[in-house]
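# Structural features, examined
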Amino acid sequence: MVEASFMDDLKQEIDRGIKELLWGKEPATLYEPMYYLFESGGKRIRPILVILSCQAVGGHLHNCLPAALSVELLHTFTLIHDDMMDHDDLRRGRPTVHKCWDEGIAILAGDGLVTLAYQTLLKNSHPKLTEVVQIFTNGLFEICEGQALDMAFESRDTITVDEYHRMITKKTARLLQVSCEIGVILGNGSEDERELLGRFALQLGRGFQIQDDLLDILSNQRILGKPQGSDLTKKKKTYPVIHFLQHASAEAIETFRSYWGIQQMKPDHLDHIIQLFHQAGTLDEVQKEVDVHFQSAKQALEGFPSAPGGRDLNLLLDSLWSRVS
Ligand code: IPE
Ligand code: IPE
Ligand code: MG
Ligand code: MG
Ligand code: MG
């Protein structure tokens, strides 16, 4: 991801805040696994969205920093539990929390992060704090629903594109929308601004998750920091798989099915799948779908042509559009 320097500055601010909350605290058996993923890397796009949305409507960093931290704490909780649910061993280039410690510790570290997220959110002193907490809580519930759908789809043979979109909106896009809406409210933006940036974030989130599905197939573990082909071994109903199953020849689908769900997928299996997806036009079509969502996110931003926050949201969008990890 090509990053503008303002993003580096914001990341440092966010990381300082997170470190203050977690580093060196006792008992270490709780706080070390809670802090571990923050030290492993990560893009911090959700807290950056909170801050830029707040600034786009004329607010300041100090109005929204605790809320920005709480969104990243919540996101980190979802990653720890998601890796257990997806049986993944690698996250941000290092062993996942449940591999480094065990599942009991990973459950507790996740619980601790959600609790800390609420504790931190409640530090904001704003007349609309109750509304902010409601938006945050509804978003968290939707992530749970999205994750439930994602898991249920693993054992279903066919999933429609509509069902897929519903699932990714809940598991991924809503938290981006929540981040922008909270930023707008804490920056004292208008209802129109909240609606507009919320729409921007939903489209960004959808594009972002479809891109994540594509990177699972096309990127490599060293760059991605996550196991390549993980979705294929779990028979996840990702956008590329749904497209392929709807458009490829019967013969190509039969070959794909002989690899699909294999636990120890070899690199040449993956290469063959990539080739099949390419021949079926799936890779191009998925990229087009990513582009449609990013383009429509960009359009939503046209309502903020000159404000500095709006310009920076555009830069963030561009850097995510071309991301490789
Ligand atoms: C990973 O999110 C989970 C998805 C919604 C695809 P990110 O790609 O934002 O993960 P980090 O925080 O940068 O590691
Ligand atoms: C991300 O789904 C959704 C959440 C973490 C809530 P994925 O399972 O695709 O995310 P990665 O690929 O493991 O980061
Ligand atoms: Mg996962
Ligand atoms: Mg998952
Ligand atoms: Mg994924």
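The structure displayed is predicted, hence computed values, not measured ones.

Analysis parameters
Residues numbered from 1 in each chain as written. Chains lettered and ligands numbered in written order. Predicted model: local features only at pLDDT ≥ 70, side-chain atom pairs only at ≥ 80, totals over all residues. Heavy atoms only, no water. Phe/Tyr/Trp six-rings, centres within 6.5 Å; stacked < 30°, edge-to-face > 60°. Helix = DSSP H or I, 4+ residues; strand = E, 2+ residues; numbered from the N terminus. Buried < 20%, exposed > 50% of the residue type's maximum accessible area, 1.4 Å probe, protein only. Donors = N, O, S within 2.8 Å, 3.2 Å for Na, K, Ca; no water. Expected span 1.5 Å × (residues − 1). Salt bridge = Lys/Arg side-chain N within 4 Å of Asp/Glu carboxyl O. Polar contact = N/O pair within 3.5 Å; in protein donor to acceptor, adjacent residues only side chain to side chain. Contact = heavy atoms within 4.5 Å. Near = heavy atom within 4 Å. Areas by Shrake-Rupley, 256 points an atom, 1.4 Å probe, with all protein chains shown as cover. Nonpolar A, V, L, I, M, F, W, Y, C, P; charged D, E, K, R; others polar.

### Some points on the packing of aromatic side chains
Scanning all chains against the criterion turns up 9 aromatic pairs. When the centroid spacing of 5.2 Å and the interplanar angle of 65 degrees are considered together, the rings of Phe244 and Phe256 count as edge-to-face. One end of the pair, Phe244, is in helix α12 (residues 239-247); the other, Phe256, is in helix α13 (residues 250-259), with 12 residues separating them in the sequence. For Phe256, a relative accessible area of 0% corresponds to the buried category. A centroid spacing of 4.6 Å and a plane angle of 25 degrees characterise the contact between Phe244 and Phe277, whose relative ring orientation is stacked. Placement of the pair is Phe244 in helix α12 and Phe277 in helix α14 (residues 267-279), with a sequence separation of 33 residues. The class of Phe244 is buried, set by a relative accessible area of 0%.

### A short note on the coordination of the magnesium ion (ligand 4)
Protein ligation of the magnesium ion (ligand 4) involves Asp82 (OD) and Asp86 (OD), the donor distances falling in the range 2.1 to 2.2 Å. Separating the magnesium ion (ligand 4) from the magnesium ion (ligand 3) is a gap of 3.1 Å, which Asp82 spans by donating to each of them. Judged by its relative accessible area of 14%, Asp82 is buried.

### What about helix α9 (residues 191-218)?
For the α-helix, the turn length of 3.6 residues means that residues three or four positions removed from each other point alike. Under the 1.5 Å per step criterion, the end-to-end length of α9 is 40 Å for 28 residues, consistent within 8% with the ideal 40 Å. The element α9 is extensively covered by neighbouring structure, given that 22 of its 28 residues are classed as buried.

### Brief notes about helix α4 (residues 61-85)
The first and last C-alpha atoms of α4 sit 35 Å apart over 25 residues, in line with the 36 Å expected at 1.5 Å per residue. Burial within α4 is extensive, with 20 of its 25 residues counted as buried. His87 sits one or two residues past α4 and shows a positive phi near 55 degrees.

### Re the pattern of salt bridges
If the charged atoms of two oppositely charged side chains come close together, the side chains can form a pair. All chains considered together, the criterion is met by 24 salt bridges. A salt bridge links Arg174 to Glu142; its shortest N-O distance comes to 2.9 Å. Of this pair, Arg174 sits in helix α8 (residues 161-186) while Glu142 sits in helix α7 (residues 129-154); the two residues are 32 residues apart in sequence, bridging distant segments of the chain. Linking Glu154 and Lys236 is a salt bridge whose minimum nitrogen-to-oxygen distance equals 2.6 Å.

### Topic: the side chain of His293
By the secondary structure assignment, His293 is in helix α15 (residues 282-301). On the basis of relative accessibility, which here comes to 7%, the residue His293 falls in the buried class. In terms of polar contacts, His293 uses its side chain to reach the side chain of Glu289, at 3.0 Å. Setting aside residues no more than four positions away along its own chain, His293 makes contact with His165, Gln203, Arg206, Gly207 and Ile210.

### Section: the side chain of His75
Position of His75 among the secondary structure elements: in helix α4. Residue class for His75 comes out buried when judged on its relative accessible area of 9%. Apart from residues lying up to four places away in sequence, His75 is in contact with Arg46, Arg92 and Leu175.

### With respect to the site of ligand 1
Neighbouring ligand 1 are Gly42, Lys43, Arg46, His75, Leu79, Arg92, Thr172, Phe208, Gln209, Asp212 and Arg323. One nitrogen or oxygen atom from the side chain of Arg46 is found 2.8 Å from an oxygen atom belonging to ligand 1. Between ligand 1 and Arg92 there is a distance of 2.7 Å, counted from an oxygen atom to a side-chain nitrogen or oxygen. The leading source of residues in the shell around ligand 1 is α9, at 3 residues.

### Concerning the site of ligand 2
The immediate surroundings of ligand 2 are formed by Thr78, Asp82, Asp86, Arg91, Ile143, Gln147, Lys171, Thr172, Gln209, Asp212 and Lys226. Interatomic distance of 2.8 Å between a side-chain N/O atom of Arg91 and an oxygen atom of ligand 2. Coverage of ligand 2 by the protein amounts to 89% of the 390 Å² it exposes when considered alone. Mapped by element, the contributors of at least two residues to the shell around ligand 2 are α4, α7, α8 and α9. Its residues placed into classes, the shell around ligand 2 shows 1 nonpolar, 4 polar and 6 charged.

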